[in-house]
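Structural description and commentary
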Amino acid sequence: MTYHSGSRAMQDRVGVRDLADHVGRAIGQGIRPVAAAFLELQPMLVVGAAAPERGAEAGGGGSGINTGPGRGFGPAVPGGGSGSEDDAVPGSGTGSGSGAISGNGSVWASLLTGQPGFVRATGPHQMSVAGGLRAGDPLTDALATPGTPVGTIALDPRTRRRMRLNGRVRPTPRGFAVEADQVFANCPKYLQKREVYETVDRTAGVPRSGTELTSSQREFVEAADTFFLATVHPHGADASHRGGNPGFVRVDAPGELSWRDYTGNAMFLTLGNLAADPRAGLLFLDWTSGVVLQLTGTARTEFTPDGERTVRFTLAEAVETPAASPLRWSAPAYSPANP
């Protein structure tokens, strides 16, 4: 099954079911050679999942933040590993575990970085990551739990290409692997081009959390031209990209964000996931300083009479980490598709 009921409902509302069926044929379970080659060139990967609940230890909003060292995970290590815009859905499942989202943990998007080759295909249906999340990242426990459904996106600003791989986690001695349920690429719409990057000697700062955006975080969000969005459905997870000219994301209140949903590939996987489960995680990256801002909460889609869509996000918790990424990218050239 390519689409679940949430995606189907969105496709029918917009009248694009036939187009979605056509586009959905591009979703496969295998990692083709061209996709494998693309992965090995990337210095960063975004992962989205639901964090397992931690009972009394859970942070505000039930985020399940791990404030101590993460069960064998630390910063991504250099070297190779061994071993619309809209979005993705249930697969047959090749990983261990049931693949069902358990509990009511918050959904987060997290960033991993490393030297090219730290992400690679190690089989026709498996992607391996050498290293893992920095200590204290909300998804540390999720990536250490076999069978956790995850969504991933590898985005290359240099070529304005992106690839998404969704599946289930299997921890490995050097990091983790994802047994693929879905593998597919997206068009370059709304991707800003950044020509080059350099790796800077930085030490990630102590994460700071809160339940409302500070004034500086509000400025950060409203100046962004890109963010990443993690969503889930009853049997899986997905990570996608949203882009536009600075200001395309609005901060309507300290705990409320909104953005217009631009025309995408007609699959409506992200919005379909939100129709089935409103939990969502957002990740904003400062492409120069390496600051990462992770937000978790819930999101809903609103339609105007003329069919325009706006997504409204309600914040439960924000985690800001200074110098979380060692990558410093060049200034962007905005996508000609941006409204």
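Rules used throughout
Residues numbered from 1 in each chain as written. Predicted model: local features only at pLDDT ≥ 70, side-chain atom pairs only at ≥ 80, totals over all residues. Heavy atoms only, no water. Buried < 20%, exposed > 50% of the residue type's maximum accessible area, 1.4 Å probe, protein only. Helix = DSSP H or I, 4+ residues; strand = E, 2+ residues; numbered from the N terminus. Pairing = 2+ DSSP bridges. Salt bridge = Lys/Arg side-chain N within 4 Å of Asp/Glu carboxyl O. pLDDT = per-residue confidence, 0-100. Contact = heavy atoms within 4.5 Å. Axes fitted to C-alpha atoms, helices over the stretch in contact; angles between N-to-C directions.

**Digging into the pairing of strand 1 (residues 44-50)**
- Of all the 7 residues making up strand 1, 7 are buried; the element is thus mostly covered by neighbouring parts of the structure.
- Residues Met44, Val46, Gly48 and Ala50 of strand 1 are buried on one face, and the alternating residues Leu45, Val47 and Ala49, pointing to the opposite face, are buried as well.
- Examined bridge by bridge, strand 1 and strand 2 (residues 107-113) share 7 bridges and lie antiparallel to one another. When the sheet's bridge partners are listed, Leu45 is paired in strand 2 with Leu112.
- The pairing of strand 1 with strand 5 (residues 149-156) spans 3 bridges and is classified as antiparallel. Its bridge partner lying in strand 5, Val46 is registered against Ile153.

**Remarks on the pattern of salt bridges**
- Overall, the coordinates contain 18 salt bridges when judged by the stated rule.
- Between Asp225 and Arg194 there is a salt bridge, with its nearest N and O atoms 2.8 Å apart. Here Asp225 is found in the loop between helix 5 (215-222) and strand 11 (226-233), whereas its partner Arg194 is found in strand 8 (residues 193-194), with 31 residues between them in sequence.
- On the basis of relative accessible area, Asp225 is assigned to the buried category, the value being 7%.

**Observations regarding the confidence of the model for the protein**
- The pLDDT averaged across the protein works out to 85; a share of 85% of its residues lies at or above 70.
- Predicted confidence is poor over residues 55-103, with pLDDT under 50, and the contacts of this stretch with residues over four places away or in other chains come to 176 contacts.

**So, helix 6 (residues 269-276)**
- Burial runs high along helix 6: 6 of the 8 residues are buried.
- Along helix 6, the positions that sit buried rather than exposed are Leu269, Thr270, Leu271, Gly272, Asn273 and Leu274.

**What to know about the sheet that holds strand 6 (residues 161-172)**
- In space, the 7 strands of this open sheet follow the order 2-1-5-6-7-4-3, with antiparallel pairing throughout. Each of the sheet's edge strands pairs with one partner strand only, and the pair in question is strand 2 and strand 3 (119-123). The sheet shows a mean angle of 35° between the axes of neighbouring strands, direction not considered.
- Its contacts with the sheet put helix 3 (residues 33-40) on strand 3, strand 4 (126-130), strand 5 and strand 6, and the angle it makes with strand 6 is roughly 80°.

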